[in-house]
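# A structural walkthrough
The primary structure of each chain is shown beneath.
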Amino acid sequence: MLAALAGEARARPPFWLMRQAGRYLPEYRELRAKAGSFLDLCYNPDFAVEVTLQPLRRYGMDAAILFSDILVVPHALGQPLAYLEGEGPKLDPIRNVAELSRLSKDRFHQTLAPVYETLRRLTTAIPDQTTLIGFAGAPWTIACYMVEGGGSKEYAHVKRWAYGDPEGFARLIDLLVEVTADYLCAQIEAGAETVQLFDSWAGVLPIGPFRRWVIEPTRRIVALVKARHPNTPIIGFPRGAGHAYEDYVADSGVDAVGLDTTVSPLWAARNLQTRLPVQGNLDPIMLAAGGKALAAATDEILEAFANRPFIFNLGHGVIQTTPPEHVADLARQLRRWPERG
């Protein structure tokens, strides 16, 4: 994977899957039941290392991604966070400048110390040829959760703040740029060989705000991380960006870009892959469906991105109802590429 990120085209592209560790695996569900809360699972290095290793044992991906969650960053800033069964994450919302006073950096790295310990242990627990990936949520996406208090369909609260008081909203984004860059650097110092910025809600913004709240904060994080770790590749994933992917690639400074499910592989090969390595972008539902449709879609992606730097992945994370044997089928198909039969 590191060779692909450095610009090398591989005959058999490396692969890993977003959310490759998680609820679709019975061994994960067994361990999750022992852990207590989801945050207890993330903050317990014994459990987090084991969960990270589970898909590697089954499928032998070319990379292991740290098992954690993007919302540990606001949690480490002091924003109360809980994961409710069937509802997802819930945070006490912050919706104006005055409420920013509830946040503090004082215990940030102390709270996240178990994450760094997990990475240190993984450096010796994974195979030598397996790349260790760290990650964080990008500022816009983290701000969405912090302001909305959880997931959202319309993102009305966060957009109202960003549009109506951009100077005030910028104070939240500035804080997230600072601590996210520092968090990624700490992950690299603990052993991460590459890091990914997940901007899961980038696609809900029109182009002007997209530039201000997605591209510009990403550019600043990349610059801060590169100042301390110039040789560590950074992957950006602006999910839902559409044709704004071109602006993101041109201006964010990332070393590689993850593609969501909606991006045409042929378009991306012509317009993005000529500029930097790309990663993606099989539909997770296709993986859950399996069979001939999965095989055909996988071949289509592999053919589109052949002969240039490419990392095979999904266009979003593995879903809970995915049969583990479908992931095994995909892994076998990827390993025999470009052979047929």
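Identification of the protein as Uroporphyrinogen decarboxylase from Azospirillum griseum is taken from an unreviewed UniProt entry. The record in UniProt for the protein states the following under Sequence similarities (unreviewed entry): "Belongs to the uroporphyrinogen decarboxylase family." What the UniProt record of the protein gives under Subunit (unreviewed entry) is the line "Homodimer."

Each regular strand displays side chains that alternate between the two surfaces of the sheet. Here strand S2 (residues 81-84) runs beside strand S3 (residues 88-91); their pairing, made up of 4 bridges, is antiparallel. Directly across from Ala82, in S3, lies its bridge partner Lys90. Here S2 hands over to S3 after 3 residues, with Gly86 in that stretch at a positive phi of 80 degrees.

This brings us to the environment of Ala64. One can find Ala64 in strand S1 (residues 63-65). Exposure remark for Ala64: the relative accessible area of 0% places this residue in the buried category. Linking Ala64 and Thr131, residues 67 residues apart in sequence, is a C-alpha distance of 6.1 Å. Apart from residues lying up to four places away in sequence, Ala64 is in contact with Gln20, Thr52, Leu56, Ile126, Thr130, Thr131, Leu132 and Ile133.

Before going further, it helps to spend a moment on the pattern of salt bridges. Per the stated rule, a full pass over the model turns up 17 salt bridges. Here Arg58 ties to Glu27 by a salt bridge, and the two come within 2.7 Å at their closest N and O atoms. You can see Arg58 sitting in helix H4 (residues 45-59) and its partner Glu27 sitting in helix H2 (residues 26-35), a full 31 residues away along the chain. Between Arg120 and Glu117 there is a salt bridge, with the nearest N and O atoms lying 3.3 Å from each other. Of the two residues, Arg120 and Glu117 both sit in helix H6 (residues 108-125), 3 residues apart, roughly one turn of that helix. Exposure remark for Arg120: the relative accessible area of 43% places this residue in the partly exposed category. Each of Asp46, Glu117, Arg120 and Arg121 takes part in a single network of salt bridges with overlapping partners.

Turning to the UniProt feature "site: Transition state stabilizer" (unreviewed entry) in the protein, a few remarks are in order. The positions that UniProt labels "site: Transition state stabilizer" (unreviewed entry) are, in the present scheme, Asp69. With respect to the secondary-structure elements, Asp69 resides in the loop between S1 and helix H5 (72-76). Not counting chain neighbours up to four residues away, the residues in contact with Asp69 comprise Phe38, Cys42, Tyr83 and Phe135. There is a polar contact of 2.9 Å between the side chain of Asp69 and the backbone nitrogen of Leu71.

Of the voids in this model, the largest pocket is the one considered here, and its volume is about 1400 Å³. Lining the largest pocket are 39 residues; nearest its centre among them are Arg19, Arg23, Phe38, Asp69 and Tyr83. The set of elements that each furnish at least two residues to the lining of the largest pocket consists of H2, S2 and S3. With 3 residues, the single largest contributor to the lining of the largest pocket is H2. Residues of the lining of the largest pocket, tallied by class, amount to 21 nonpolar, 11 polar and 7 charged. Size it by volume and the second largest pocket reaches roughly 300 Å³. In terms of residues, the lining of the second largest pocket owes the most to one element, helix H1 (residues 2-5), which gives 3 residues.

Our next topic: the packing of aromatic side chains. Per the stated rule, a full pass over the model turns up 14 aromatic pairs. Considering the side-chain rings of Trp161 and Phe169, the 5.5 Å spacing of their centres and the 70 degrees angle between planes classify their relative orientation as edge-to-face. Here Trp161 and Phe169 have matching classes, each one buried. Ring plane angle 85 degrees and centroid distance 6.1 Å describe the contact between Phe198 and Phe237, whose orientation is recorded as edge-to-face. Taken together, the residues Phe198 in strand S5 (residues 194-199) and Phe237 in strand S6 (residues 234-238) connect sequence positions 39 residues apart. Exposure class is identical for Phe198 and Phe237. Each is buried. One aromatic cluster in this structure is built from Tyr28, Phe38, Phe67 and Tyr83.

Each packed pair of helices is defined by two parameters, the angle between the axes and the distance between the axes. Between helix H8 (residues 156-164) and helix H9 (residues 166-190), the least distance of the axes is 5 Å, while the angle of their chain directions is 115 degrees. Packed against H8, whose contacting residues are Val158, Trp161, Ala162, Tyr163 and Gly164, the element H9 presents Pro166, Gly168, Phe169 and Leu172 at the interface. Along the lines of polarity and charge, the residues of the contact of H8 with H9 split into 7 nonpolar, 2 polar and no charged.

Further remarks concern the UniProt feature "domain: Uroporphyrinogen decarboxylase (URO-D)" (unreviewed entry) in the protein. If you check UniProt for "domain: Uroporphyrinogen decarboxylase (URO-D)" (unreviewed entry), the listed places come out as residues 133-149 in our numbering. Across residues 133-149 one finds 59% helix and 29% strand; the C-alpha atoms that close the span lie 28 Å apart.

Taken in spatial order, the 7 strands make up an open sheet running S1-S4-S5-S6-S7-S8-S9, and their pairing is parallel. Each edge of the open sheet is held by one strand with a lone partner, namely S1 and strand S9 (310-314). When strand polarity is set aside, the average angle formed by the axes of neighbouring strands in this sheet is 25 degrees.

Reading the values: rules and limits
Residues numbered from 1 in each chain as written. Predicted model: local features only at pLDDT ≥ 70, side-chain atom pairs only at ≥ 80, totals over all residues. Heavy atoms only, no water. UniProt positions renumbered as here; feature names shortened; annotations may be inferred. Pairing = 2+ DSSP bridges. Helix = DSSP H or I, 4+ residues; strand = E, 2+ residues; numbered from the N terminus. Buried < 20%, exposed > 50% of the residue type's maximum accessible area, 1.4 Å probe, protein only. Contact = heavy atoms within 4.5 Å. Salt bridge = Lys/Arg side-chain N within 4 Å of Asp/Glu carboxyl O. Polar contact = N/O pair within 3.5 Å; in protein donor to acceptor, adjacent residues only side chain to side chain. 1 Å grid on protein atoms, 1.4 Å probe; cavity = no way out; pocket = protein on both sides within 12 Å on 5 of 7 lines; lining within 4 Å. Points joined across faces, edges and corners; volume = space filled by probe spheres on them. Nonpolar A, V, L, I, M, F, W, Y, C, P; charged D, E, K, R; others polar. Phe/Tyr/Trp six-rings, centres within 6.5 Å; stacked < 30°, edge-to-face > 60°. Axes fitted to C-alpha atoms, helices over the stretch in contact; angles between N-to-C directions.

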